[in-house]
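Residues per chain, in single letters:
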Amino acid sequence: MSIGLTCFTKLPFAELQRKLNEFAKRYPDVFPAHYYLSTAGIPHPAQKEVSNEFGLDPISYCYISVNNKFLEISTDEMADMIRKELGSDNVIVLLNGEDLI
């Protein structure tokens, strides 16, 4: 079973993609050795429903999956990195699309 983080954001698509590019460049030792980082996407209505349940109406999202199952960088640490990068008011992080972390 894969382990993934879905990150729903209030950021416009292009801004999220720019921030993801900067994030990947800032941490070349993390991506892709420990985590895979997707490109920005526009959430599907079903994804919006899930995000709305956690209090965020998303404009864009990205997906991050674990590449190193030893979790030398835990999913909680990765979620903290994402919140720091995107702004904690702009993002929610769901573990396997279900649990807010």
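Going by the structure above, here's the rest.
Reading guide: rules and limits
- Residues numbered from 1 in each chain as written.
- Predicted model: local features only at pLDDT ≥ 70, side-chain atom pairs only at ≥ 80, totals over all residues.
- Heavy atoms only, no water.
- Phe/Tyr/Trp six-rings, centres within 6.5 Å; stacked < 30°, edge-to-face > 60°.
- Helix = DSSP H or I, 4+ residues; strand = E, 2+ residues; numbered from the N terminus.
- Buried < 20%, exposed > 50% of the residue type's maximum accessible area, 1.4 Å probe, protein only.

With omega at 5 degrees, the peptide bond leading from F31 into P32 counts as cis. Even without being a glycine, L71 presents a positive backbone phi close to 50 degrees.

Our focus in this paragraph is the packing of aromatic side chains. Applying the stated criterion across every chain yields a total of three aromatic pairs. Judged by centre distance (6.0 Å) and plane angle (40 degrees), the rings of F8 and Y61 are tilted. Taken together, the residues span a long stretch of sequence, with F8 in strand β1 (residues 4–9) and Y61 in strand β3 (residues 60–66) at a distance of 53 residues. Plain terms: the ring middles of F23 and Y27 are 5.3 Å apart, the flat faces sit at 70 degrees to each other, and that makes the pair edge-to-face. Taking the relative accessible area as the measure of exposure, F23 reaches 1% and is therefore buried. Clustering of aromatic rings is evident, with ring pairs tying together F23, Y27 and F31.

In short, geometric facts, not functional conclusions.
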